[in-house]
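Letter by letter, the chains look like this.
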Amino acid sequence: MDPSSRVDDGSVERVEMLIGVVPDLALRRRTCYEPLVSTHPDTQGIARALAVILGGTTLALIAGVPGGAVIGSLLGWRAAMWAVAAISVPALVAVMVATPQRAVGTQRPVSLVAELRVLRRPGLLIPLGLGALINGATFCAFTYFAPVITESVGLAAPAVPAVLAVFGIGSCVGVWTAGRHGDAHSTLILVAGGAALFIGWGSLAVFATVPAAVFTLALLQGALSFAVGSTLIAASIRAAASAPTMSGSFATASLNIGAAAGPILGGIAYATAGATGPLVVSAALVLAAALTFLATPRAGVS
């Protein structure tokens, strides 16, 4: 089978897999990250607050993405996209109605120019860059789980939602772990979790033909990806404490860069190396993040 036919065969599954991600990227991050600095001016408790926010993503990965795959397989990919639109409407209304107005304090508001100057600080750029790399690795592999399951493992298409749900369960565990321990043990989570994440993507590429290994590693990689990613978001928001309005935007932009670049790199790898290509790219992106982390002062991420 030539690479072009592989891309055509897997395109529908990859579109369906995005059903739980699109509403999250469009609505949740920008509206929810921003208030964290203003509600936690001492930057303590940010990891725990982020765990509550990111719980929406894990629910999307557990139910939304597998549900989209099921809808797509039964009714076609257009039905999955209509489901995204239908889900987004009440979410948008809820954001507009329930998002509290920013409290007016006694301090003078920080100007936009002053907030943008925060981007000059290496202590902020480092966690933002690491977040983009880790999120790129996550979405590079996640976007191409379907061909791994159907081509490398050889399972039928109905197995795809099951593996996606397992990954989502792992992400829920990872977010909970980061929320519970991220404020006090961020460096430990980044060092141990980053090393395990690299080993995990590499192992998944090696054992991609073994069903038990794929299910097990999907669970572990979901947990590790979101534990490390959540910790990096919290680190970037702490580093941008003097930019209370834009800190959430900085984190969101970093994650979205990774979410866009990862699947593009994964698509190139899939077209040239097959189903395991994106997994190798994910391992390489995590390795790049690890080398960057080791080459910078520890104060850059805390």
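Higher on the page you've got the structure.
Since we're looking at a predicted model, the values are computed, not measured.

Asker: Got a minute to help me understand the overall build of the protein chain in this structure?
Answerer: Across its full length, the protein chain carries 13 helices and 0 strands. When the helices and strands of the protein chain are placed in sequence order, the string is α-α-α-α-α-α-α-α-α-α-α-α-α. Look at the contacts in the protein chain between residues 6 or more apart in sequence, and 84% of them connect residues 24 or more apart. Surface summary for the protein chain: the accessible area is close to 13600 Å², and the carbon and sulfur share equals 72%.

Asker: What should I look at first to understand the packing of helix α10 (residues 186–206) against helix α13 (residues 277–295) in this one?
Answerer: Describing two packed helices takes the angle between their axes plus the distance from one axis to the other. Between α10 and α13, whose axes approach to 8 Å, the crossing angle comes to 155 degrees. Compared by their axis directions, α10 and α13 come out roughly antiparallel. α10 and α13 meet at a crossing whose hand is left-handed. Here α10 contributes Thr187, Leu190, Val191, Gly194, Leu197, Phe198, Trp201, Gly202, Leu204 and Ala205 to the contact with α13, which in turn contributes Leu279, Val280, Ser282, Ala283, Val286, Leu287 and Phe293.

Asker: Just to check I follow, could you spell out helix α11 (residues 211–239) for this structure?
Answerer: One full turn of an α-helix is made of 3.6 residues, so residues set three or four places apart face in the same direction. In this model α11 runs 42 Å from its N-terminal to its C-terminal C-alpha over 29 residues, within 8% of the 42 Å that 1.5 Å per residue would give. Burial of α11 is extensive: 22 of the 29 residues sit out of reach of the surface.

Asker: Honestly, the nonpolar core in this entry has me stumped. Any pointers?
Answerer: Grouped burial of nonpolar side chains is what soluble globular proteins tend to show. Ranked by size, the top nonpolar core spans 49 residues in total, and within it Ile134, Phe145, Trp201, Leu204 and Leu279 carry the most contacts. Residue assignment for this core shows that the elements contributing at least two residues are α4 (46–75), α7 (122–143), α8 (145–153), α9 (159–181), α10, α11, α12 (247–273) and α13. The greatest single-element share of this core, amounting to 9 residues, is contributed by α11. In contact with Leu279, not counting residues within four places along its chain, are Ala141, Phe145, Val148, Trp201, Leu204 and Ala205.

Asker: How do you make sense of the environment of Phe250 when you look at a structure like this?
Answerer: Tracing the chain through its elements places Phe250 in helix α12. Among the residues examined, Phe250 registers a relative accessible area of 8% and is labelled buried. Separated by 125 residues in the primary sequence, Phe250 and Leu125 have C-alpha atoms spaced 9.4 Å apart.

Asker: Just to check I follow, could you spell out the packing of α12 against α13 for this structure?
Answerer: α13 packs onto α12 with a crossing angle of 135 degrees between their chain directions and a minimal axis gap of 7 Å. By the criterion of interaxial angle, the relationship of α12 to α13 is oblique. For the pair α12 and α13, the sense of crossing is right-handed. Two secondary-structure elements touch here, α12 through Leu265, Gly266, Ala269, Tyr270 and Ala273 and α13 through Gly277, Pro278, Val281 and Leu285. Here the residues of the contact of α12 with α13 sort into 7 nonpolar, 2 polar and no charged.

Asker: Looking at this model, I keep getting lost on the packing of aromatic side chains. Mind explaining?
Answerer: Two descriptors summarise a pair of aromatic rings, namely the distance from one centre to the other and the angle between the planes of the rings. The full count for this structure, using the stated rule, is 6 aromatic pairs. Consider the rings of Tyr144 and Tyr270, whose centres lie 5.7 Å apart with planes at 35 degrees: the pair is tilted. Note that Tyr144 is positioned in the loop between α7 and α8 and Tyr270 in helix α12, a separation of 126 residues in sequence. Assessed through its relative accessible area of 9%, Tyr144 is described here as buried. Each ring, one from Phe167 and one from Phe226, has its centre 6.5 Å from the other, and the planes form 75 degrees; the classification is edge-to-face. One end of the pair, Phe167, is in helix α9; the other, Phe226, is in helix α11, and 59 residues separate them in sequence. A residue is classified by how much of its surface remains accessible, and Phe226, at 12% relative accessible area, is buried.

Asker: Just checking my understanding: could you explain α12 for this structure?
Answerer: The terminal C-alpha atoms of α12 lie 38 Å apart, and with 27 residues this matches the ideal 39 Å at 1.5 Å per residue to within 8%. Positive phi appears at Gly274, one or two residues downstream of α12, with a value of about 90 degrees.

Calculation notes
Residues numbered from 1 in each chain as written. Predicted model: local features only at pLDDT ≥ 70, side-chain atom pairs only at ≥ 80, totals over all residues. Heavy atoms only, no water. Helix = DSSP H or I, 4+ residues; strand = E, 2+ residues; numbered from the N terminus. Contact = heavy atoms within 4.5 Å. Areas by Shrake-Rupley, 256 points an atom, 1.4 Å probe, with all protein chains shown as cover. Axes fitted to C-alpha atoms, helices over the stretch in contact; angles between N-to-C directions. Parallel < 35°, antiparallel > 145°, perpendicular 65-115°, else oblique. Left-handed = near helix turned anticlockwise from the far one by under 90°. Expected span 1.5 Å × (residues − 1). Buried < 20%, exposed > 50% of the residue type's maximum accessible area, 1.4 Å probe, protein only. Core = buried A, V, L, I, M, F, W, Y, C linked by side-chain atoms within 4.5 Å. Nonpolar A, V, L, I, M, F, W, Y, C, P; charged D, E, K, R; others polar. Phe/Tyr/Trp six-rings, centres within 6.5 Å; stacked < 30°, edge-to-face > 60°.

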